[in-house]
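Structural features, examined
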Amino acid sequence: MRLENSLALLSKGYAWMPDLRRARGRHAAGTRLGGLPAIAIEGPEAARFLYDERHVHRAHAIPEPVQGTLFGKGAVHTLDGEAHRVRKAMFVSVLMDGDRIADLVERACADWDAAARDWLTRPQVVLFEESAQVIAGAVTRWAGVPVAQDEVPALARDLLAMVDGFATGGPRHWRARRARGRREGWLAGLVEQVRAGGTLAPAGSALAVVAAHRDADGQPLEPRVAAVELLNVIRPTTAVAWFTAFSGHALARWPGYRSRLAAADPAFAEAWAHEVRRFYPFAPFIGGRAPRRLEFGGQTIPRNAMVLLDLFGQNHDPDLWEDPYAFRPERFLDRGIGEFELVPQGGGDPRTNHRCPGEQLTVALLAALAPRLARLPLDIPADQDLTISLRRIPARPASGVVLRPAALWGPTAVAPVS
């Protein structure tokens, strides 16, 4: 754990941690990041280890630049123990209710269909940006937050910026901070209006639940923290735009799947959603801090060391996935998924630990929107840059996936994920 690896992470991106472990020939490898000792781990047992609160704590583990852009300060991601369980229950009540999920999917599909009619009248559209606007508008209103249609494009840009700038410096990072400041201030004011009785929050909505929530200490959330948690409903849902763009990329690279996906068979649509989340790069790793000296995979983990689970590496582990660098949605048609195997949004039980409680919603939303994408009479033209750099975190198709009206999907020249 003596060699600092921050520059290697910046230069290699998603490949850094898998390469580190392969060089050691094991599922666990020691290193240093930001001056701290760290251990990179991978595999179902590693995921189980990470999500055991006896082994890994989140408090004081998430770097300030990530809190200041992606999660927000005081967010549920930074809590442990009873404080985390009480706060997490708030999210579970909003994001894991089957009727609520169905309601959001219905809203998003209606908004997608309305937007698609407009897309067909335009010379071209960028799938990443347009799908983000559809989802941002649908989820914000579903959450009980009033937003006018002409406000949605700017809102979507801010929500995307918070995700796009969490793992970098420079302009992307500062755009993310400015976007978070704007939206936290807006939502904090809205929470105060709801509590004062000046604004009515729809019963059961995220706005109503967050405004009324009391933490483990019996106190309501500070308005700014309430705003943070509202964004932690709206922001990650809007980030499904990454997966819709990846779906467009997949349909360009493997057009043989288009007709099968367009048929909207529920089992295949869900399998597609799982394979897009497995195959394409999104979060490279997650982690926390060791509360005491530990052992894992033959490695000693010093107290306060970072413990990092290699999400990208595990989602491409040949011991878990046959031919892992092939895109094959059908692999999920007859395969059960262990709670510590497929980990694009974490592992374990989302009701009790730090796995994303919105994963079920993400799958449902993508399984509904991807077939609609496949049915659009739009072409993915060859004169665009569809490469996906693994050095960029979060990765995405360089062009955002440009679509142009066409009678049928035409031929396309697409560079592979690199």
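My aim in this report is to walk through the structure given alongside it, one point at a time. Each chain has its residues counted from 1, running along the sequence as written. Side-chain atom pairs in this predicted model are given and counted only at pLDDT of 80 or more, local residue features only at pLDDT of at least 70, and totals for whole chains, interfaces and linings cover all residues. Excluded from the side-chain calculation are hydrogens and water; included are all heavy atoms of the structure.

**Considerations on the sheet that holds strand β1 (residues 28-33)**
- Pairing between two strands is assigned when DSSP locates at least 2 bridges connecting them. Runs of E in the DSSP output that reach at least two residues are strands. Runs of H or I that reach at least four are helices, and both are numbered from the N terminus. The sheet built from four strands is open, its strands ordered β1-β2-β7-β4 with mixed pairing. Among the strands making up the open sheet, the edge pair consists of β1 and β4 (285-289). Strand-to-strand twist of the sheet, defined as the mean angle between neighbouring strand axes without regard to direction, takes the value 25°.
- Sheet analysis places β4 next to strand β7 (residues 306-310), joined by five bridges and oriented antiparallel. Residue I286 lies in a different strand from β7, and its bridge partner there is L309.
- Contacts from helix α2 (residues 16-24) reach β1, β2 (36-41), β4 and β7 within the one sheet, and its direction differs from that of β1 by about 130°. Between N-to-C directions, angles cover 0 to 180 degrees, with each direction set by a line fitted to C-alpha atoms, over the stretch in contact for helices. We call two residues in contact when some of their heavy atoms are within 4.5 Å.

**Observations concerning the packing of helix α12 (residues 240-253) against helix α16 (residues 359-375)**
- At their nearest, the axes of α12 and α16 sit 10 Å apart, and the two run at 40° to each other. Relative to α16, the element α12 is oriented oblique. Once α12 is placed against α16, the crossing between them reads as right-handed. Residue-level contacts link V240, F243, T244, S247, G248 and L251 of α12 to T362, L365, L366, L369, A370, L373 and A374 of α16. Here the angle decides the label: under 35 degrees means roughly parallel, over 145 means roughly antiparallel, 65 to 115 means roughly perpendicular, and every other value means oblique. Each helix crossing is assigned a hand: it is left-handed if the near helix lies turned anticlockwise from the far helix by less than a right angle, otherwise right-handed if that turn is clockwise.

**Some points on the sheet that holds strand β3 (residues 125-126)**
- Taken together, the three strands give an open sheet; going across it, the order is β3-β9-β8, and neighbouring strands pair in antiparallel fashion. Sheet topology places β3 and β8 (378-379) at the edges, where each strand pairs with a single neighbour.
- As defined by bridge partners, β3 adjoins strand β9 (residues 402-405) across two bridges and the pair is classed as antiparallel. Looking across to β9, one finds that V126 is bridged to V402.

**Some thoughts on the pattern of salt bridges**
- In the sections that follow, a salt bridge refers to a side-chain nitrogen of Lys or Arg positioned within 4 Å of a carboxyl oxygen of Asp or Glu. One pass over the structure, following the stated rule, counts 29 salt bridges.
- With a shortest N-O distance of 2.8 Å, R328 and D323 are connected by a salt bridge.
- The exposure class of R328 is partly exposed, given its relative accessible area of 31%.
- Buried, partly exposed and exposed residues are distinguished by accessible area as a fraction of the type maximum, computed with a 1.4 Å probe on protein chains only: under 20%, between the cut-offs, and over 50%, respectively. Note on D323: relative accessible area 38%, which makes it partly exposed.
- Put simply, K12, D19 and R22 are held in one network by salt bridges that share partners.

**Description of empty space enclosed by the protein**
- In this analysis, the protein atoms alone were mapped onto a 1 Å grid. Cavities are point sets where a 1.4 Å probe fits without being able to get out; pockets are open sets with protein on both sides within 12 Å along at least five of seven lines; lining residues have an atom within 4 Å of a point. Grid points are joined across faces, edges and corners, and a volume is the space filled by probe spheres set on the points. By the definition in use, this model includes one cavity of 30 Å³ or more.
- Looking at the largest cavity, its volume works out to about 60 Å³.
- When contributions to the lining of the largest cavity are tallied by element, the ones reaching two or more residues are α14 (266-279) and α15 (311-314).
- By the convention adopted, Pro, Cys, Tyr, Trp, Phe, Met, Ile, Leu, Val and Ala count as nonpolar, Lys, Arg, Asp and Glu as charged, and the other residues, Gly among them, as polar. A per-class count over the lining of the largest cavity returns seven nonpolar, two polar and two charged.

**Remarks on the nonpolar core**
- One finds W112, W142 and W272 to be the most contacted residues of the largest nonpolar core, which totals 107 residues.
- Take this core: its biggest share by element is 10 residues, from α16.
- Setting aside anything within four residues of it in sequence, one finds W272 in contact with S247, A250, L251, Y257, L261, F327, P329 and A370.
- Take the buried Ala, Val, Leu, Ile, Met, Phe, Trp, Tyr and Cys residues and link them wherever side-chain atoms come within 4.5 Å; each set so joined is a nonpolar core. Counting 19 residues, the second largest nonpolar core, distinct from the first, contains A290, I301, A305 and L311.

**A look at helix α4 (residues 64-71)**
- The buried fraction of α4 amounts to six of the eight residues, a majority that puts the element mostly inside the structure.
- Within α4, the full set of buried residues consists of V66, Q67, G68, T69, L70 and F71.
- Two residues or fewer past α4, G72 is found with a positive phi of approximately 95°.

Any link to function would need more than the numbers given here.
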